[in-house]
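# Coordinates in review
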Amino acid sequence: MLCDLNVLWPKKENSSSKIDFSELDKLLMTLTELKYTHVALNYVVTPENVSDDEIIQMNDYINSFYHKYFKDITIPKIKLYTRITIMMEDPSKMQNVIKKAGTACVNNKSTHSGPSTKSNITNNTFDIIAIMPLNEKSLHNISTNLDCSTVDLITFDYNNPYAPSYYFLKHKTISGISAKGIKIEIIYAPMLSSTGNSTVSRVKYINNVKQIIRCSGRNSCKNINHNNTSTNNTNDKNKKNTSNNKKNNLIISSGAANSLQVRNKLGVYSIMMQFNGMKNYKGVTKLLDDNPLLVLLNGRLRKKSYQQCIVTGDDVIADTQIGISDINGFAVRQKEHE
Amino acid sequence: MVRFKSRYVLFEIIYPLTEEVDMSGLSSNDIKLLFHKYTPTEVTPKVIMTDLKKIIQLYFGDVGLGHSTSMFQLKYFSNKTSTGIIRCSREDCGYIISGLTLMTKLGAQKNMIVNVIKVSGTMKKIEEFAIKWSKDNLKQIINEKENRLFEQRILSITRKENEK
């Protein structure tokens, strides 16, 4: 099982022109060739321009892709999901966008008073909701206001080498985010896309990734145990898990826009080992299969569960069942057949 | 005396579809065959060695190149299947694996990915794995009915060889 939760959705050149999907087709076929199983298409927006047409177009594309290329039963398929990442510059504008992308609300108080209960059901389209904070203020806002019931992932702007230099990430804010069950994303495509002698972008990429790995160290996992409000039975399990695993709150994905920027499991491990200092093979591969599945499961719980804890149905966790014993302190149990 | 320990790296060259290729009308089998093309005869073992050394020089500098090329041989490469095996020392095999993954061109050949499949301690095991790997790839392409006939043919060949 291999996951890649960040394949870029192609952008329009003009507002009138159509999107060219041929590049995306080729990318997804290379991912099947490299034995990936779960892939999410990433639609990047700023709070000002969120269009409903794009959402409908995404679901149409996924259906047509299967229809075109996977007629044979013998060839293994990939599962496609949709994802939105919102560039967050001003925290005050965020509430409307998150509502539109398909969650209850930012604050619990406004769910009861707000009129948006009907529109939420129709707009529950994206499987994963991610946020890209562009300054320190917005990152602080995520750690204080948002929950795993509204946001699944947090990414950073690794791709742009000339972005304003990164603010110093504090250990406390990152541990606060991970204590809530929100995962943090690392991308490896900037290492491959920079060609020739453009060493500036590579140096900056390695610098940024190192900083994030430093913040999400072992101590951040200890913090979860103190803040956890789950039941006594699951609490003991949690302690064992978190003390052994060092980087529980990270995931790795490609962030590719081109079919030449993707690598298989061993390739990703070698990049992470040599350049970012992750030396444990099992630890790195966990960030490619187990942790992304938890993100997908969290997204599904957000859409279909009652307050993130009870979901019923036959095929609720069939895909992500393997190896997952608890999510954010709650136990996962299969219904016994009578 | 302590024995010198080495690692063997199995890799294959994959050709992702470029902008010129038209995907319309192709089935998934045809696309899979396009990925596993034969490499042109210009790409010799010597070209692969020099290009790998260049990339290690670019990313890891003089120290990395010195470490990695202490025990560095291309044991096997075939242009028809576009797979190969590299031998290197155990301590510094990380340089070579990451050098292979960061490759973007071989000689004049562009639009390719070097896909590292397996790292092993002995030549025998990696040879067995390479045969199994190529068999599995072929099985996916051939349909199920033909698949059984194909297996029988392979088994009969190996039995005859053993009898001899």
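Residues numbered from 1 in each chain as written. Chains lettered and ligands numbered in written order. Predicted model: local features only at pLDDT ≥ 70, side-chain atom pairs only at ≥ 80, totals over all residues. Heavy atoms only, no water.

On to the interface of chain B and chain A, then. By a frequent convention, interface size equals the accessible area lost on bringing the separate parts together. Opposite the 35 residues of chain B that make contact, chain A presents 28 residues. Contact with chain A buries area across many residues of chain B, yet Met23(B), Ser28(B) and Ile113(B) alone supply 19% of it, more than any other trio. Counting across the chain B and chain A interface gives one salt bridge. One salt bridge in this structure joins Glu33(A) and Lys32(B), with 3.1 Å as the shortest N-O distance. There are seven residue pairs in polar contact (both at pLDDT 80 or more) connecting chain B and chain A. When residues of the side of chain B that touches chain A are traced back to their parent elements, those giving at least two are helix H1 (28-35), helix H2 (45-68), helix H3 (93-101), strand E4 (113-120) and helix H4 (123-141) of chain B. When residues in the side of chain B that touches chain A are grouped by element, the largest group, six residues, is from E4(B). Of the residues belonging to the side of chain B that touches chain A, the class tally is 21 nonpolar, ten polar and four charged. (Contact = heavy atoms within 4.5 Å. Buried area = accessible area lost by both parts, 1.4 Å probe. Salt bridge = Lys/Arg side-chain N within 4 Å of Asp/Glu carboxyl O. Polar contact = N/O pair within 3.5 Å; in protein donor to acceptor, adjacent residues only side chain to side chain. Helix = DSSP H or I, 4+ residues; strand = E, 2+ residues; numbered from the N terminus. Nonpolar A, V, L, I, M, F, W, Y, C, P; charged D, E, K, R; others polar.)

All names here are of chain B. Strand order in the open sheet made by the four strands is E2-E3-E1-E4, with antiparallel pairing throughout. Each end of this open sheet is capped by a strand with a single partner; those strands are strand E2 (73-78) and E4. Between one strand axis and the next, the sheet turns by 20 degrees as a mean value, whatever way the strands run. Pairing between strand E1 (residues 6-14) and strand E3 (residues 83-89): seven bridges, direction antiparallel. Of the residues in E3, the one forming a bridge with Tyr8 is Arg87. The strands touched by H3 are E1, E3 and E4; relative to E4, the strand with the most contacts, the crossing angle is about 155 degrees. (Pairing = 2+ DSSP bridges. Axes fitted to C-alpha atoms, helices over the stretch in contact; angles between N-to-C directions.)

So, about the packing of helix H1 (residues 22-33) of chain A against H1(B). Here H1(A) crosses H1(B) at 75 degrees, and the two axes come no closer than 11 Å. By the angle class used here, H1(A) and H1(B) are roughly perpendicular. Between H1(A), through Met29(A), Thr30(A) and Glu33(A), and H1(B), the contact on the second element is made entirely by Ile31(B), Lys32(B) and Phe35(B). Split into classes, the residues belonging to the contact of H1(A) with H1(B) amount to three nonpolar, one polar and two charged. (Parallel < 35°, antiparallel > 145°, perpendicular 65-115°, else oblique.)

We now examine unusual backbone geometry. You will see that Lys35(A), though not glycine, has its phi angle at about 65 degrees, which is positive. Position of Lys35(A) among the secondary structure elements: in the loop between H1 and strand E2 (38-45). The phi dihedral of Ser82(B) is positive, around 50 degrees, even though this residue is not glycine. Summarising the element assignment, Ser82(B) is placed in the loop between E2 and E3.

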